[in-house]
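# Working through the structure, step by step
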Amino acid sequence: MGAAPLMPIRYALPPDAEVMAEVTCAAFAEFEEFDVTREQSTANWRRNLLGEAAERPRPHHTRVAELPDRTVIGLVMGGPADPELGHDAEIYALAVRPGHQSQGHGRALLRAAAADLSADGFGSLAIRVLAVNERARRLYTSLGGVLAGEVPPDEVCYCWPEIAALL
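Analysis parameters
- Residues numbered from 1 in each chain as written.
- Predicted model: local features only at pLDDT ≥ 70, side-chain atom pairs only at ≥ 80, totals over all residues.
- Heavy atoms only, no water.
- Helix = DSSP H or I, 4+ residues; strand = E, 2+ residues; numbered from the N terminus.
- Buried < 20%, exposed > 50% of the residue type's maximum accessible area, 1.4 Å probe, protein only.
- Pairing = 2+ DSSP bridges.
- Salt bridge = Lys/Arg side-chain N within 4 Å of Asp/Glu carboxyl O.
- Axes fitted to C-alpha atoms, helices over the stretch in contact; angles between N-to-C directions.

If you look the protein up in an unreviewed UniProt entry, it shows as N-acetyltransferase domain-containing protein from Actinomadura napierensis.

What follows is the structure, encoded as structure tokens:
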């Protein structure tokens, strides 16, 4: 794995919804289990980002990574965990554009989200991933994530009992 160039990771804003959908769909295009269209993804991101903007004076749990030319190459979104996971916080989405994967961008995004969530008082973290997504599974394992079980029908869950392990 090569070292990631320094890149800005900033809070995502509602106008980012379309490019975030593009990144999400491109990152998961290889997995037939991912059946969300770009239009659906854009609508979902727009709804989530508008909701975050309305809840706080600043967006708080969704970030994007940009190249120096401001091209968005990755994203991460986290917040309170689904109670069935047994952890405080959850990463809902983590995606890096093909061509920029395996260069440290996902690692940097996950750490930025962990820092945000830790600052908001969350102590543990979980992330669901498609069981067939070996690249992501290797990333979570390399960062100390523990395989916590299956999430039917086609996902597995990794967790960090102490979110501080990612900081």
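In this fold, Ser 41 is placed in helix H2 (residues 38-55). By relative accessible area, Ser 41 is classed as buried at 4%.

Here the focus is the pairing of strand S6 (residues 146-151). Bridge analysis of S6 against strand S7 (residues 155-160) gives 5 bridges, and the strand direction is antiparallel. Within S7, the residue paired with Val 146 across the bridge is Cys 159. Hairpin geometry of S6 and S7 is characterised by an intervening segment of 3 residues between the two adjacent antiparallel strands.

Once the charged atoms of two side chains with opposite charge are near each other, the side chains can pair. In this structure the tally under the stated criterion is 9 salt bridges. As a salt-bridge pair, Asp 16 and Arg 10 come within 2.8 Å of each other at their nearest N and O atoms. With a shortest N-O distance of 2.9 Å, Glu 90 and Arg 128 are connected by a salt bridge. One end of the pair, Glu 90, is in strand S4 (residues 89-96); the other, Arg 128, is in strand S5 (residues 125-130), with 38 residues separating them in the sequence.

Further remarks concern the sheet that holds S6. With respect to topology, 7 strands assemble into an open sheet ordered S1-S2-S3-S4-S5-S7-S6, the strand pairing being mixed. Two strands lie at the open edges of the sheet, namely strand S1 (9-11) and S6, each paired on one side alone. Strand-to-strand twist across the sheet, computed as the mean angle between neighbouring axes with direction ignored, equals 25°. Strand direction decides the pairing type here: S4 and S5, joined by 3 bridges, are parallel. Paired with Ala 89 across the two strands is Leu 125, which belongs to S5.

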